[in-house]
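Remarks on the overall topology
Read off the chains here:
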Amino acid sequence: MSDLALSPAAASARAPGRFKVIRAVAAKEWLEMRRDRRLVALFAFAALLMLAALGFGAAENARLSRERAAAAEADRELWTSQGAKNPHAAAHFGQYAFKPESPLALADPGVDPYVGTAVWLEAHKQNEAQFRPARDGGTAARLGGLSLAFILQVIAPLVVLLTGFASFAGERESGALKQLLSLGARPGDLLAGKALALFGAAAALLAPAFICAFVAVALLADPSKLSLADQFLRLAVLTLGYGVYLAGFAFLALGVSALARDSRAALVALLAFWLVNAFVAPRLSADLARALAPTPSAQEFRAAIARDKAKTFGHDETHPAFVAFRDETLKKYGVSRVEDLPVSFRGLTLRRDDENGYAIYDKHFGALQAAFDRQDALRTAAGFVFPLLAMQPFSMALAGADSRAQFDFATAAEAHRRLIQNEVSDNIIHFQRDESYVAGPELWRRIAAFSYSSPKAGFALAGAREAIAGLLGWLALTAVFARVAVRRLRPL
Amino acid sequence: MTSFLAGLRAEALILSRARAVGVALVALAAAALFALYAGATRVATQQEIVAAARADEAQRIDGLKKTLLTLESGAAQQEPPPYRDPRNAAFMGAGPAARVAALAPQPLALVAVGQSDLMSSAIKVTSGSKDAFLFADEIENPALLSSGATDLAFIVVLVYPLVILALAFNLLSGEREQGTLVMTLAAARRPGAALAGKLAARLVAPIAVMFLASALGVGLFAGWDALASTGFMRLAAVILVYGLFWAALAAAVDGLGQSSASNALTLVGAWVVLALLAPAAINSVAAYAYPAPSRIDMTLAARAAATDADKNRDAMLARYVEEHGSAPRGGPREGTLRRIATQEAAFERVEGVIAAHDAALGRQRALVDRLSYLSPTMLAYAALADVAGTGEARYRDFQDRLGAFHLDWRAFFLSRAKAGQAMTAQDYDSLPRFAADGEAEGGVTAALLGMGLPTLLLALFAWRGFRRVAP
């Protein structure tokens, strides 16, 4: 009897476990990637870029932190060294609130270059933050800087697509795919194995960058001013987010590779998607958001506030609201002349004027931020198709460098302004007896310096809900697409 | 010439039948037209902002003149406080009478956003120090600002090269892989010329589409007159030379004799490096080497001047009276003189800090300018912003003219305030005006040379490669 007759029938051979197949496919893909010198060089180049970006980011972050801390100290010195003057004059002299730099801005500067770094806190008026750093950057700066976020959001997906575009198409061209399928390998197992290998590649891309980011934050962040645990939590969530972002690109590359007639067609299609996602979608969505949720011009915004303020009396003693307030105050204290009041009427009018202003500013600045939020939500809406639209707000939020974080800072600055106003008006109410009244440095010192604690990771996550949904939607959509695409694979 | 034309005709025929090529070219034209439409919308908004600022200025000054008339005729029921009194030069010059210094959009402003979304196009100049008015920003969602807007400059510098590369990357390699290269070379009387003709057909298509779409868009949205301007000629020159650079690069890589896949990857890599990474790296290196000094210093300097003036108010006033003639002590006049003395001290300090700041920024930008010759994308982007009148040169010029106007404005009001002169109706009719600038010259010669020289070198390299293929 020949050996051939003794050998068991192929059909009755025990098929290897699915996990074994997946593992074998992943191991083979991984080995091929490691052997491909061009790919290794590409990964090494990307890693170098990320490390350089982190280096620049860390240096810039440290410089800005030093600069703002020194400015805050100098401004405090100016405030406390005011000579004897009327407290209301001191309120007009004002203080500055400087936005502290978020440590994770070294990885993603977010909108920081495009928002003001300081808010002037003065009497009667809520100001917008001023001194946008981007104004000093010149035209060329609009082409961007080397940040870790830029590399991870734009270059890393390209690396993943270049790694994965030939996964199925290349094997189809060489005939290996047909062979594998005819041996009984399930398309789903092939997809899982190849996806596993690509995820490994994405992890290899992310690992050095995030390990270095963890070290940089540990070394540079000041634990006396913020919670290091919170920063590490933010970094861990960021790592997960970027993992999801790149995993979606891995599925996309595999799906397109399975559908395309050859690897060249797969590459062209994937590059076209990458281009649209990285460059076209962000700009078009910004234009769309502007058109659908317009914001007022600075002049319209200030004019609307001025219109509302004109309904209140300010310093105008002939204003009907002033006369009404005077009469109401006289009645309340049971006197008939301002001179007979037991407290300073000027102080009372200043406090009432401030209180009127608080409501007006809350209304207008709140509406403006709501318009920004609507624009941001509109931009993120297509994040499940063009994932950069979800990744950018997610990354900026976790890095503490989005417009919501800026609004939180501006709100805290405004709360401090109100504290100053209330303190000086109270001082006038209780101590001013005539026009020549002045207060001394003890009052300036008693009014605390502006101190701001950035919100915790929970605040960032709550603000990034739509972006998180977009990223998860992107992963689900690409996974389903890849699954559907490989189901079409046939041995013949 | 016949071989060249025959090659060109044959390739044009092949291209006209390729659906993907048609789609790419139509998409490029559509993107350019949309970008110019978006640019025209943006310019209209800027014009509205300038017009609104001017209307506000006219209304304010008209109101002051009416109040002045009422006060002079004795019809006013009571004296206004000094900060609302149109006769008070010190207060009026510091805000209520402020003139608008406007930077009106240029005819080709729709081409590039440049710095126009960051720099205010209408600034209310006052007699205070510059920190009081120079940094008033337009309202904009910072997330949208950081994304940038869709403009022709973006389409030209990033999308246009990719279309050129897609068409030109596999002329030789594609024919070699299909097995038609030998036939093409054998059939032509002058194989080199035939190949050059085929290459020209692939290059002419995207360059011509980009040029025609730009001309159509500019004509439709900025007016057909704009096509006859020197600005449009400069725009066309940038489109041509920048396109030729990428075409020469594609031809040079194709001439190396590698496979189509290898050419595609090399060219995409070159695009990523030259158009994305080089500008980012250059910006980061320049910012690291010459960090922009803090604008906060300027404000703190002005505030320090104010506190110092407060501390030695008597000494300052005495010195002031000595320098500016006798003045009565006490009363509102002394208050005015003290305010002016404080303002002047702040003005001097702020001018000093701004000059130092600008010098530091100048060093950073000079380094960026030098390094930008490493990236044709940076050169093209800056050149297009200059053509649009939204580039650095025009904003620098605006700042200089603003500085001169600020001096005139201060002299006009402070001379009257110091002399104790009340503002008159004639004074309001002869307020200094900020003069409008002419059309931006936007020199693009350096950028064209910076792109043209590497183009020539690459073309020479490509020619050698193509010649090697010819039998």
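Below is a short write-up of the structure.

**Focus on the overall build of chain B**
- A tally of helices and strands in chain B yields 17 helices and two strands.
- For a compact globule of 471 residues, the expected C-alpha radius of gyration is about 23 Å, and chain B comes in at 30 Å, more than 25% above that figure.
- By principal-axis analysis of the C-alpha atoms, chain B measures approximately 100 × 45 × 35 Å.
- Going through the 471 residues of chain B one by one, you find that 55% of them count as buried.
- In chain B, 42 positive and 40 negative side-chain charges are present, and the distance between their average locations comes to 7 Å.

**Examining the nonpolar core**
- Membership of the largest hydrophobic core comes to 177 residues, with the highest contact counts inside it found for Trp274 and Phe279 of chain A together with Val111, Trp271 and Leu276 of chain B.
- Beyond its immediate sequence surroundings of up to four residues, Val111 of chain B is in contact with Leu36, Asp151, Leu152, Ala153, Leu235, Leu384 and Ala388 of chain B.
- The next biggest cluster of nonpolar side chains, apart from the first, holds 63 residues, and it includes Phe93 and Ala118 of chain A together with Ala101 and Leu402 of chain B.

**Thoughts on helix α9 (residues 230–254) of chain B**
- Here α9 of chain B spans 36 Å end to end across 25 residues, near enough to the 36 Å set by a 1.5 Å rise per residue.
- By the criterion of burial, α9 of chain B is predominantly enclosed, with 20 of the 25 residues buried.

**Considerations on the packing of helix α8 (residues 187–220) of chain A against helix α18 (residues 465–487) of chain A**
All names here are of chain A.
- Put simply, α8 and α18 touch, their axes get as near as 9 Å, and they point 135° apart. Relative to α18, α8 is oriented oblique. Viewed along their axes, α8 and α18 form a crossing whose handedness is right-handed. Two secondary-structure elements touch here, α8 through Pro187, Gly188 and Leu191 and α18 through Ala482, Arg483 and Val486.
- Classifying every residue of the contact of α8 with α18 by side-chain character gives four nonpolar, one polar and one charged.

**Quick look at the interface of chain B and chain A**
- Each side of the interface is counted separately: chain B has 78 residues, and chain A has 80 residues.
- When the two sides are added together, the surface that chain B and chain A hide from each other amounts to roughly 6800 Å², 63% of it contributed by carbon and sulfur.
- Two residues, Asp75 of chain A and Arg303 of chain B, come together in a salt bridge whose shortest N-O distance is 3.1 Å.
- The interface formed by chain B and chain A holds 28 residue pairs in polar contact (both at pLDDT 80 or more) in total.
- The set of elements that each furnish at least two residues to the side of chain B that touches chain A consists of α2 (19–73), α4 (142–147), α5 (152–168), α10 (260–289), α11 (296–311), α13 (331–371) and α14 (376–388) of chain B.
- Among the elements that line the side of chain B that touches chain A, the one with the most residues is α10 of chain B, at 14 residues.
- Along the lines of polarity and charge, the residues of the side of chain B that touches chain A split into 45 nonpolar, 19 polar and 14 charged.

**Topic: the pairing of strand β1 (residues 99–102) of chain B**
All names here are of chain B.
- Burial along β1 is two-sided: the residues Arg99 and Ala101 and Val100 and Ala102 are all buried.
- In the sheet, β1 pairs with strand β2 (residues 122–125) via four bridges, with the strands oriented antiparallel. Bridging across to β2, Arg99 finds its partner in Val125.

**Some details on the pattern of salt bridges**
Residues and elements named next belong to chain A.
- Applying the stated criterion across every chain, the model contains 41 salt bridges over all chains.
- The salt bridge involving Asp36 is made with Arg38; its shortest N-O contact spans 3.9 Å.
- What makes Arg38 exposed here is its relative accessible area of 58%.
- Each of the salt bridges in this network shares a partner with another, and the network as a whole consists of Lys28, Glu29, Glu32 and Lys194.

**Details of a nonpolar patch on the surface**
- Among the surface-exposed residues, Leu284 of chain A together with Phe34, Tyr37, Leu216, Leu220, Phe221 and Trp224 of chain B lie close enough to one another that they form a single nonpolar patch of about 670 Å² accessible area.
- Breaking the nonpolar patch down by element, the ones donating at least two residues are α2 and α8 (191–222) of chain B.
- Here the nonpolar patch gets three residues from one element, more than from any other, and that element is α8 of chain B.
- Structurally, Trp224 of chain B is set in the loop between α8 and α9.
- For Trp224 of chain B, a relative accessible area of 49% corresponds to the partly exposed category.

**A closer look at the sheet that holds strand β2 (residues 118–122) of chain A**
All names here are of chain A.
- Taking strand neighbours across the sheet as the criterion, the three strands line up as β1-β2-β3 in an open arrangement whose pairing is antiparallel. Edge strands, defined here as strands with exactly one partner in the open sheet, are β1 (95–98) and β3 (125–126).
- Alignment of β1 against β2, held across four bridges, turns out to be antiparallel. Residue pairing in the sheet places Phe98 in a bridge with Ala118 of β2.
- Relative to β2, helix α15 (residues 403–431) is tilted by about 20°, and along the sheet it contacts β1, β2 and β3.

Basis of the calculations
Residues numbered from 1 in each chain as written. Chains lettered and ligands numbered in written order. Predicted model: local features only at pLDDT ≥ 70, side-chain atom pairs only at ≥ 80, totals over all residues. Heavy atoms only, no water. Helix = DSSP H or I, 4+ residues; strand = E, 2+ residues; numbered from the N terminus. Rg over C-alpha atoms; globule rule 2.2 N^0.38 Å. Buried < 20%, exposed > 50% of the residue type's maximum accessible area, 1.4 Å probe, protein only. Lys, Arg positive; Asp, Glu negative; His and termini not counted. Charge placed at Lys NZ, Arg CZ, Asp CG, Glu CD. Core = buried A, V, L, I, M, F, W, Y, C linked by side-chain atoms within 4.5 Å. Contact = heavy atoms within 4.5 Å. Expected span 1.5 Å × (residues − 1). Axes fitted to C-alpha atoms, helices over the stretch in contact; angles between N-to-C directions. Parallel < 35°, antiparallel > 145°, perpendicular 65-115°, else oblique. Left-handed = near helix turned anticlockwise from the far one by under 90°. Nonpolar A, V, L, I, M, F, W, Y, C, P; charged D, E, K, R; others polar. Buried area = accessible area lost by both parts, 1.4 Å probe. Salt bridge = Lys/Arg side-chain N within 4 Å of Asp/Glu carboxyl O. Polar contact = N/O pair within 3.5 Å; in protein donor to acceptor, adjacent residues only side chain to side chain. Pairing = 2+ DSSP bridges. Patch = residues over 30% accessible without salt bridge, like charges linked within 9 Å, V, L, I, M, F, W, Y side chains within 5 Å. Areas by Shrake-Rupley, 256 points an atom, 1.4 Å probe, with all protein chains shown as cover.

Distances and angles like these do not, on their own, reveal function.
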